[in-house]
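A closer look at the structure
Letter by letter, the chains look like this.
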Amino acid sequence: MARILLGPSLQTTPPNFSSFVTRVLTLTIFGVAQQVTSQVVPDGIAVVFRNHINNGFTSRIYIAYSSSAILSAADRITLERGASTELKLSNTNLVWWDGSSSGVQLEILTEV
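The following paragraphs examine the structure supplied in this document.

Conventions we followed
Residues numbered from 1 in each chain as written. Predicted model: local features only at pLDDT ≥ 70, side-chain atom pairs only at ≥ 80, totals over all residues. Heavy atoms only, no water. Helix = DSSP H or I, 4+ residues; strand = E, 2+ residues; numbered from the N terminus. Buried < 20%, exposed > 50% of the residue type's maximum accessible area, 1.4 Å probe, protein only. Contact = heavy atoms within 4.5 Å. Pairing = 2+ DSSP bridges. Axes fitted to C-alpha atoms, helices over the stretch in contact; angles between N-to-C directions. Phe/Tyr/Trp six-rings, centres within 6.5 Å; stacked < 30°, edge-to-face > 60°. Lys NZ or Arg CZ within 6 Å of the ring centre and 35° of its normal.

Let us look at the side chain of Asn91. Mapped onto the secondary structure, Asn91 falls in the loop between strand 8 (84-88) and strand 9 (96-99). The class for Asn91 is buried, based on a relative accessible area of 12%. Excluding residues that lie within four positions of it along the chain, Asn91 makes contacts with Ser38, Gln39, Val40 and Val41.

Strand order in the open sheet made by the 4 strands is 3-10-5-8, with antiparallel pairing throughout. Each end of this open sheet is capped by a strand with a single partner; those strands are strand 3 (20-26) and strand 8. Ignoring which end each strand starts from, the neighbouring axes of this sheet average 20° apart. In the sheet, strand 5 (residues 46-51) pairs with strand 8 via 5 bridges, with the strands oriented antiparallel. Considered in strand 8, the bridge of Ala46 is made with Lys88.

This brings us to the pairing of strand 6 (residues 60-64). Most of strand 6 is tucked away: 4 of the 5 residues are buried. Bridge analysis of strand 6 against strand 7 (residues 77-80) gives 4 bridges, and the strand direction is antiparallel. In the sheet register, Tyr62 faces strand 7, and the bridge partner there is Thr78. As paired strands, strand 6 and strand 9 are joined by 4 bridges and run antiparallel to one another. Residue Ile61 lies in a different strand from strand 9, and its bridge partner there is Gly99.

One key point about sheets: their strands pair by backbone hydrogen bonds, in either a parallel or an antiparallel sense. Spatially, 4 strands are ordered 4-9-6-7 in an open sheet, and the strand pairing comes out antiparallel. The outermost strands of the open sheet, each flanked by one partner alone, are strand 4 (34-35) and strand 7.

So, about the packing of aromatic side chains. One pass over the structure, following the stated rule, counts 0 aromatic pairs. Against the face of Tyr62 rests Arg76, its NZ or CZ located 4.1 Å from the ring centre. Positioned above the aromatic ring of Phe57, the side-chain terminus of Arg81 is 4.2 Å from the ring centre.

Next up on the list: the environment of Phe49. Along the chain, Phe49 turns up in strand 5. Phe49 sits 34 residues away from Ala83 along the chain, and the two C-alpha atoms are 8.5 Å apart. Filtering out sequence-adjacent residues up to four positions away, Phe49 remains in contact with Val36, Ile63, Leu79, Ala83, Ser84, Thr85, Leu87, Leu89, Val95, Leu106, Glu107 and Ile108.

Next up, the structure:
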């Protein structure tokens, strides 16, 4: 197992996982933040959030740590069509999302 030196102590890297899960969520009401459904994430694993490629060219997905943070451009991540971001979280339900119009889709990929 590989080791990474972080500060004064040694930390082991997490093992490779043999599978992954993808989910696609559809925004039902524009302007109303939705909490991502719960999925426990193994330690050291990043979750990928992507503005689904099938969304319109001008569609945007907004991701934040709370429903109120969605309202502030300074507190949210904005994803253009096809763009993605990775977050290391203990559970996907820590993320709230909204979009630029009803019907946009957020794709989520997690190793398990």
